[in-house]
Each structure stands twice: as C-alpha cells, then as structure tokens.
Amino acid sequence: MTNGMSFDGARVVPVVVLDEVETAVPLARTLLDAGLDAIEVTLRTPSAVDAIARIARDVPDILVGAGSLRTPAQIRAVCDSGARFGVSPGATPALLEAAEDAGLRFVPGAQTASEMLALLEAGFVLQKFFPAELAGGAAFLRAAAAPLPEVRFMPTGGITPGNAGSYLALDNVAAVGGSWLTPRDLLAARDFEAIGRLARDAARIAV
Ligand code: 3PG
C-alpha cells in the first residue's frame, strides 16, 4: 500500500477539534504512542491555540500543526504558539503571504485543477484536497496525476478506515487526514484507551 511518500514521516494525520485544552497533551501522547507522528489541531474552538502551545511544549516528538486556518492573524497566532505546520481548507493571497512572512510550513487547500495550478505557481507542491470524498475522492486524485504530476496531496474530508487505503495507494498522496481518529465524544469522555485503539488501527493502515 505504501508509495514511499509521507508528510514528514506521517501517512495519517489526525484532524482534531479540541473542546478542552486539558485533553491536548494526553491526546498527543496517546497518538504518538500508537505510532502516529503528527497532529493537526483545528482552529474551530477557543482552546485550539493554547492546545497547540501545550503540545509543542510537552510532547515535542509529535509534529504539531494548526488546521482550519482562515486568517493571517490566525497564522501569526499559531506560529507564536509553536505550530510547526499549518493547513487551510482553501487559499487566499493574504493567507499565502502571511504563511511566508511567518515562515510557517503551509498546506493550502485546493479542489480544482485551476486552484491546484495557482498554488503550484506560488510554490506550494503539497496541497490539501478538501472535502476529498465530496470533491471526487481518490478517483479524482488519480486522474489529476496525469496533467498535474508535480502536485502532492493531503486529502481530508470523509476519509475513513475503509477508504484511507485507496488514497494512500496513490503516488501523488503524501498523507491522509481525518477526524475519525479523535471523535468528539471520546475526547469529552477522556477515553484515551479507545482513541489509542483507533490510532493504532490507523497506524496499521498507513504502513
Ligand atoms: C478537515 O478539516 O480536514 C476536515 O474537517 C476533516 O474531515 P472529516 O471530519 O470528514 O475527517
């Protein structure tokens, strides 16, 4: 299944919505122990920036990044908190400029060939493909490989243990991302054993 590519070693990137900042560090340790090397904390909750800072400080071995970035101010805030990469569902000139100014490793989102080409022109070889399943799924990315051979993708949106393998088998997919590993109810219950099981299963998909 592996095609030799990854996002800094990661093939599956948990996309996390963290309601409680206290869960950040035990969650990151659980994911790392399960064999997952990266975590994307989405800026969809007030605790996200603080959560990134705690993970960066207390679990330095996991590659911590920020997701759902929508404004230049968010990019500056997550850089200050120690995020080592940033992801956005899309891309605007202001976001691309802010990421460059901040020196943030940035994975902007694209859905169409024109958006992908524009990002490639701007120097972004690795692009998020979102929402992957609704936007054409693995079949779209397979088709995109012929006219856009340079682009590498991190698909998210609708990825499950059942379909992750079909993406990871593609030569132009570096890693898949998704929230299935860290369900909000398990996080609320602080059920790190159950999350660990999901993460170990995901780590197996990724090899
Ligand atoms: C993302 O921001 O990448 C998505 O919300 C993840 O999609 P999923 O919840 O369908 O995994």
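Residues numbered from 1 in each chain as written. Predicted model: local features only at pLDDT ≥ 70, side-chain atom pairs only at ≥ 80, totals over all residues. Heavy atoms only, no water.

Once that is clear, we can look at the overall build of the chain. The helix and strand inventory of the chain stands at nine helices and nine strands. Principal axes of the C-alpha set define a box for the chain whose edges measure 45 × 35 × 25 Å. Sequence-distant contacts, at least 24 apart, represent 61% of the contacts inside the chain between residues at least 6 apart. Taken as a whole, the chain presents about 8,800 Å² of accessible surface, with 53% of it coming from carbon and sulfur. Side chains of the chain give 17 positive and 23 negative charges; the mean places of these two sets differ by 3 Å. (Helix = DSSP H or I, 4+ residues; strand = E, 2+ residues; numbered from the N terminus. Contact = heavy atoms within 4.5 Å. Areas by Shrake-Rupley, 256 points an atom, 1.4 Å probe, with all protein chains shown as cover. Lys, Arg positive; Asp, Glu negative; His and termini not counted. Charge placed at Lys NZ, Arg CZ, Asp CG, Glu CD.)

Okay, the packing of helix 1 (residues 24–34) against helix 9 (residues 192–205) next. A pair of packed helices is captured by two measures, namely the crossing angle of their axes and the spacing between those axes. Between helix 1 and helix 9, the shortest axis-to-axis distance is 8 Å and the interhelical angle comes to 35°. Regarding helix 1 and helix 9, the two cross each other, and that crossing is right-handed. Side by side, helix 1 and helix 9 meet where Pro26, Leu27, Thr30, Leu31 and Ala34 of the first sit next to Phe192, Ile195, Gly196, Ala199, Arg200 and Ala203 of the second. Its residues assigned to classes, the contact of helix 1 with helix 9 comprises eight nonpolar, two polar and one charged. (Axes fitted to C-alpha atoms, helices over the stretch in contact; angles between N-to-C directions. Left-handed = near helix turned anticlockwise from the far one by under 90°. Nonpolar A, V, L, I, M, F, W, Y, C, P; charged D, E, K, R; others polar.)

Let us look at the site of the ligand. Near the ligand you find Val15, Arg44, Lys128, Phe130, Thr156, Gly157, Gly158, Gly178 and Ser179, and these make up its full shell. Contacts to the ligand include Lys128, whose side-chain N or O atom sits 2.6 Å from an oxygen atom. Gly158 is positioned such that a nitrogen or oxygen atom in its backbone is 2.8 Å from an oxygen atom of the ligand. In isolation the ligand has 310 Å² of accessible area, and contact with the protein removes 80% of it. Taken together, the residues of the shell around the ligand break down into two nonpolar, five polar and two charged. (Near = heavy atom within 4 Å. Polar contact = N/O pair within 3.5 Å; in protein donor to acceptor, adjacent residues only side chain to side chain.)

Every other side chain in a regular strand lies on the same face of the sheet, so the side chains alternate between the two faces. The alternating pattern of strand 7 (residues 126–129) places Leu126 and Lys128 and Gln127 and Phe129 on opposite faces, both of which are buried. Sheet topology places strand 6 (residues 109–110) next to strand 7; two bridges connect them, and they run parallel. Counterpart to Gly109 in the pairing with strand 7 is Lys128. Chirality of the crossover, the property in question, places the unit of strand 6, helix 5 (residues 113–121) and strand 7 among those that are right-handed. (Buried < 20%, exposed > 50% of the residue type's maximum accessible area, 1.4 Å probe, protein only. Pairing = 2+ DSSP bridges. Right-handed = clockwise from strand over helix to strand, strands pointing away.)

Before going further, it helps to spend a moment on the packing of helix 1 against helix 2 (residues 48–58). Between helix 1 and helix 2, the shortest axis-to-axis distance is 9 Å and the interhelical angle comes to 55°. The angle between helix 1 and helix 2 places the two elements in the oblique class. The element helix 1 and its partner helix 2 pack so that their crossing is right-handed. When helix 1 is examined against helix 2, the residues Ala24, Val25, Ala28 and Arg29 are found in contact with a partner set consisting of Ala51, Arg54, Ile55 and Asp58. For the contact of helix 1 with helix 2, the per-class residue count stands at five nonpolar, no polar and three charged. (Parallel < 35°, antiparallel > 145°, perpendicular 65-115°, else oblique.)

This next bit is on the sheet that holds strand 8 (residues 152–155). As summarised here, the arrangement of the three strands in space is 6-7-8, forming an open sheet in which the pairing is parallel. Across the chains shown, the open sheet's two edge strands, defined by having one partner strand only, are strand 6 and strand 8. Relative to strand 8, strand 7 runs parallel, the two sharing four bridges. In the strand pairing of strand 8, Gln127 is matched with Phe153.

Another aspect to go through is the environment of Gly137. Among the structural elements, Gly137 can be located in helix 6 (residues 137–144). In this structure, the C-alpha to C-alpha distance between Gly137 and Gly158, residues 21 residues apart in sequence, is 8.9 Å. The contact partners of Gly137, leaving out residues within four places of it in the chain, are Phe129, Ala132 and Tyr167.

All chains considered together, the criterion is met by six salt bridges. The shortest N-O distance in the salt bridge between Arg184 and Asp19 comes to 2.9 Å. Placement of the pair is Arg184 in helix 8 (residues 184–188) and Asp19 in the loop between strand 1 (12–16) and helix 1, with a sequence separation of 165 residues. Exposure remark for Arg184: the relative accessible area of 46% places this residue in the partly exposed category. (Salt bridge = Lys/Arg side-chain N within 4 Å of Asp/Glu carboxyl O.)

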